[in-house]
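Below are the chains, spelled out letter by letter.
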Amino acid sequence: MHISFLLHNGYAIGGTVRTTYNLARCLAEQHDVEVVSVFRTRERPVFDPGPGVRLRHLVDTRGMRAPTDIAPEHALPAQVFPRADGKYPMYSELTDRLIGEHLATTDADVVIGTRPGLNIHLARQTRRGPARLGQEHLTLATHSRRLKLVLRAAYPKLDALTTVTEADARDYRRLFRLPGVHVESVPNSVPEPDVSPSDGTSKWVVAAGRLAPAKRYDLLIRAFSQVVAERPDWRLRIYGGGREHDKLRALIDERKLYNHVFLMGPTHPIEPEWAKGSIGAVTSSLESFGMTIVEAMRCGLPVVATDCPHGPAEIIRSGVDGTLVPTGNENAVASALLTLINDDELRRRMGRAALADAARFDPAHVGARYESLMQELTGRTGRGLHRTRGSLLSGAYAVKDALRNTAHGALQSGRTA
Amino acid sequence: MSGITGTPVATQPAASSTTAPHRPRKEPRISTASQDRRGPTADCTADIAGGLTFDVRLSDDAAAGQESPGLLLRRRPDLSGETEEIRLPLAPVEDARPAREGTGLVLRAALPSTVQMTEGRWNVFLALEGQEPRRLAPGLNDLRSLVDRTPREGRTWLGVRIPYATKHGNLSVRAWQRWPHAEAGTLRVVDNGLVLNGRLHGARLDTGARLEARPRRAGGAAGTVHVEVAVDGEEFTAELPYPPLAAHRLWDLWLRPAEGVDAVRVARILDDIPDKKRIFTYPAQRIELPPGAEEPEPCTATPYYTLNNDLAVRVDPVSA
């Protein structure tokens, strides 16, 4: 099979880039795989796409200051890429055209979109023939109402939609009418790390991710001050950069935790850093998947995570290979951490269980699920019929939604939340 | 294969008459042949004693015909322009991890803890025959054995080497060589001062032990502020009040183990973090001067680690 991924920026650091390359690398063992990056911001990609994976770009923005440096067309707003996708400001008439040309001429058997805006391109611009597979790395519940409307109109034109959790797949099946579209949850993959797992003896708790409000590192730091009160010999490292840095720094200082809590900055690769810890911590208010939970588990760490929508509960078996605690509850985070800190045997047992249980996220397993999905899609008979039906339906929805939008203020967010 | 099993050879500082000081390269040169491929990388693993191993993955093509490949460590020139090199043999590893990058050969070099390395930053190169030494890129650094390190006793010197990625994405090794060594531990900012806990290695704490704050670039011992330290075996605790520090902008902290003994710089080097400055930070605190002091400019004091991971205190005027 010839498989072509469409990615926003394959030269950047990010969960989607990483998971796309993990999958591409695995599929490339059997298939012809290319990754088309809409933008190129660096000389070389930060993450290695893997042997046999061809990476190419459509728009090179290296060293460019203004959109017009690239092309006058790049200064004109995009028409195909939806305004409701957060990356809209970076897209333009130029990207509309270049992505469209790519999708209209691709000789791939399967094209895979990796974010809502690109899935719209797939739905609208792919020539007849290739199977259109849209990936949703975020969740329907967290999309804006505006984006939901756009996706609702376009997604019937896809052949398949994959989500990273079963909970999100259920939302799509329940809230969108997607006749003939195969909706399936396939988790992100995380390869076996190249470092040996943690032996659980160090007195460090490790967290990693962007320092963004949704990650709730403030909650983790507050919870950790309770930990320090009881076990001052344990410390916390938080890896990652982001706009919350200064706030978190101020919180650490205010709580006099500067000998116990450290903001380590962005770090790549992260696996050796997990292996330095004995417990992982994820205290987010939202995790569409929860990649860091799996990463930590693959390094042998039991993870204390908030049971936030949607990912953690589909990854952790609480009490067996980690601990789930109520979202936003500082005391619960502290007490779960202390339980693991105070019981060396429990911690190591759960660490071993985490290592074993996380093997199901290996690219080999995840890749095999994608492979059988794609084989089903490309082997499907009567796809032309589905296609036509899907297009008609989606047209009807678009009209209906547009009418509602003007008349009544449209799809209530309450219905889709 | 001759040369591969040889012992490491530390060459002496290059003679200035024959060799110009090596300048660190500004930007990684991207060879046109590998426009979209990374250059060779080295995975570094630290052992508990302070030794390092470097695993370099070479393509079969690159390894072909190499009789004695080597790893070259070259110290960045100091102020006098002096540099030095350490060359380590690279030998094939039999039980290498399966290569993710397809086939190829893994070569390993060991930098034993017994090899002395001058304090500084050392750039790491791959030296193949018939080629200019080529800067290595960092791969996976497994430094878990350096976290919370306690140096072995009964030695005559302490070597610390932490491999790291430079901001240009190259591999370097940060080296310290100290003995005795005063390792800073917890530091608490208290009312109008700081309380420092630490541990002295390689010397005995005795009567007259004290913590000294020396004004930087003031010359001589003039202006040094010192306080008694409480001693508990190898550990010391000192409370340094801030008001006497208002007189200068930068202060370096030293530990004098006993009366009449040379002072030791207080530093934090016994872990896996090459640059402490931005990670170990402490709150600034207003210096409250006693009533009756001369009308001074209001200022704050902030403990910090220098680029060499030495402990210092910075005094800043309070901006209005």
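A quick note: this is a predicted structure, and the numbers were derived from the prediction, not measured. (Residues numbered from 1 in each chain as written. Chains lettered and ligands numbered in written order. Predicted model: local features only at pLDDT ≥ 70, side-chain atom pairs only at ≥ 80, totals over all residues.)

## Topic: helix 1 (residues 15-27) of chain A
Residues and elements named next belong to chain A. Quick note on the threshold: Only DSSP runs of H or I reaching four residues or more are called helices, and only runs of E reaching two or more are called strands; each is numbered from the N terminus. Expected helix span is computed as 1.5 Å times (number of residues minus one). Partly exposed residues are those whose C-beta has more than 12 but fewer than 20 other C-beta atoms within 10 Å; with 20 or more the residue is buried, with 12 or fewer it is exposed, and the C-beta atoms are placed from the backbone. Residue pairs qualify as contacts under a 7 Å threshold applied to their C-beta atoms, which are placed from the backbone.
For helix 1, with 13 residues, the first-to-last C-alpha span of 18 Å sits near the 18 Å given by 1.5 Å per residue. Within the span of helix 1, buried status applies to Val17, Thr19, Thr20, Tyr21, Asn22, Leu23, Ala24, Arg25, Cys26 and Leu27. In the core, the buried residues of helix 1 are packed alongside strand 1 (2-9), strand 2 (32-40), strand 3 (53-60), helix 10 (291-298) and helix 14 (363-379).

## Things to note about the nonpolar core
Threshold: For this entry, the nonpolar core is defined as buried Ala, Val, Leu, Ile, Met, Phe, Trp, Tyr and Cys residues connected by C-beta atoms within 7 Å. Domain borders in the structure are assigned automatically or taken from a domain database.
Ranked by size, the top nonpolar core spans 105 residues in total, and within it Val303, Val304 and Leu337 of chain A carry the most contacts. Residue contributions to this core peak at seven residues, all from helix 7 (residues 217-230) of chain A. Two domains each provide a minimum of three residues to this core, namely domain 1 (2-189 + 364-416) and domain 2 (204-360) of chain A. If sequence neighbours within four positions are ignored, Val304 of chain A has contacts with Ile279, Ala281, Gly322, Thr323, Val325, Val333, Ala336, Leu337 and Leu340 of chain A. Core analysis: the second largest hydrophobic core is formed by 64 residues, Ala175, Trp176, Leu196 and Leu253 of chain B among them.

## Looking at the UniProt feature "domain: Glycosyltransferase subfamily 4-like N-terminal" (unreviewed entry) in chain A
Operational definition: UniProt positions are given in the numbering used here, feature names are shortened, and annotations may be inferred rather than shown by experiment.
Taking the UniProt record as the reference, the feature "domain: Glycosyltransferase subfamily 4-like N-terminal" (unreviewed entry) is found at residues 13-190 of chain A. Secondary structure across residues 13-190 of chain A comprises 34% helix and 20% strand; the distance between its end C-alpha atoms is 15 Å.

## Describing the confidence of the model for chain A
All names here are of chain A. Threshold: pLDDT expresses, on a scale from 0 to 100, how confident the predictor is about each individual residue.
Across chain A, the average pLDDT comes to 91, with 91% of residues at 70 or higher. Residue range residues 381-390 is modelled with pLDDT below 50. Its contacts to residues more than four positions away, or to other chains, number eight contacts. Every residue in residues 405-417 is under pLDDT 50, and counting partners more than four places away or in other chains gives 18 contacts.

## Observations regarding the pairing of strand 7 (residues 182-185) of chain A
All names here are of chain A. We count it as follows: For two strands to be treated as a pair, DSSP must find no fewer than two bridges joining them. With the strands pointing away from the viewer, any crossover whose connection runs clockwise from the first strand over the helix to the second is right-handed.
Where burial is concerned, the two faces of strand 7 differ: the one with Val183 and Ser185 is buried and the one with His182 and Glu184 is not. Examined bridge by bridge, strand 6 (residues 160-163) and strand 7 share four bridges and lie parallel to one another. Opposite Ala160, over in strand 7, you have His182 as the bridge partner. At this point the chain moves from strand 6, through helix 6 (residues 166-175), to the parallel strand 7, and the crossover so formed is right-handed.

## Concerning the domain arrangement of chain B
Residue and element names in this part refer to chain B. Keep this limit in mind: Classification used: nonpolar for Ala, Val, Leu, Ile, Met, Phe, Trp, Tyr, Cys and Pro, charged for Asp, Glu, Lys and Arg, polar for all others including Gly.
Examined at the domain level, chain B breaks down into domain 1 (9-178) and domain 2 (181-317). The partner domain 2 presents eight residues to the 13 residues of domain 1 that form the contact. If you list the elements that add at least two residues to the side of domain 1 that touches domain 2, you get strand 11 (158-165) and strand 12 (171-178). Element by element, the count of residues in the side of domain 1 that touches domain 2 is highest for strand 11, at four residues. Its residues placed into classes, the side of domain 1 that touches domain 2 shows nine nonpolar, no polar and four charged.

## Section: the interface of chain A and chain B
Across the contact, 17 residues belong to chain A and 19 residues belong to chain B. Sort the elements by how many residues they give to the side of chain A that touches chain B and strand 10 (residues 261-265) of chain A lands first, with four residues. Of the residues belonging to the side of chain A that touches chain B, the class tally is nine nonpolar, three polar and five charged.

## Thoughts on the packing of helix 4 (residues 116-125) of chain A against helix 5 (residues 145-154) of chain A
Between two packed helices, what matters for the description is the angle formed by their axes and the separation of those axes. Residues and elements named next belong to chain A. For clarity, the cut-off: All axes here are fitted lines through C-alpha atoms, helices being fitted over the stretch that makes contact, and every angle between N-to-C directions spans 0 to 180 degrees. The cut-offs work like this: below 35 degrees is roughly parallel, past 145 is roughly antiparallel, 65 to 115 is roughly perpendicular, and the gaps in between are oblique. By convention, the crossing between two helices is left-handed when the near helix turns anticlockwise from the far helix through less than a right angle, and right-handed when the turn is clockwise.
Axis separation between helix 4 and helix 5 bottoms out at 10 Å; the angle between their running directions is 25°. Taken as axis vectors, helix 4 and helix 5 run roughly parallel relative to one another. Classified by chirality, the crossing of helix 5 by helix 4 is left-handed. In this structure, helix 4 uses Pro116, Ile120, Ala123 and Arg124 to contact helix 5, whose residues at the interface are Leu147, Val150, Leu151 and Ala154. Taken together, the residues of the contact of helix 4 with helix 5 break down into seven nonpolar, no polar and one charged.

## Concerning the sheet that holds strand 8 (residues 204-208) of chain A
Residue and element names in this part refer to chain A. As summarised here, the arrangement of the six strands in space is 10-9-8-11-12-13, forming an open sheet in which the pairing is parallel. Here the strands that pair on one side only, and so sit at the sheet edges, are strand 10 and strand 13 (322-325). Within this sheet the neighbouring strands show an average axis-to-axis angle of 20°, counted without direction. Here strand 12 (residues 303-306) pairs with strand 13 via four bridges, running parallel. Within strand 13, the residue paired with Val304 across the bridge is Thr323.

## Here's the deal with the UniProt feature "domain: Glycosyl transferase family" (unreviewed entry) in chain A
In the UniProt entry, the feature "domain: Glycosyl transferase family" (unreviewed entry) is given for residues 195-354 of chain A. The span residues 195-354 of chain A is 40% helical and 17% strand by assignment, and the distance between its end C-alpha atoms comes to 16 Å.

## Examining the environment of Ala91 of chain B
Assignment of secondary structure puts Ala91 of chain B in strand 6 (residues 91-92). Residues Ala91 of chain B and Leu105 of chain B lie 14 residues apart in sequence; the distance between their C-alpha atoms is 10.0 Å.

## Structural notes on helix 4 of chain A
Residue and element names in this part refer to chain A. Counting buried positions over the ten residues of helix 4 gives eight, a clear majority of the element. The set of residues buried in helix 4 consists of Pro116, Gly117, Leu118, Asn119, Ile120, His121, Leu122 and Ala123. Where the residues of helix 4 are buried, they touch strand 1, helix 3 (93-105), strand 4 (110-113), strand 5 (131-136) and helix 5.

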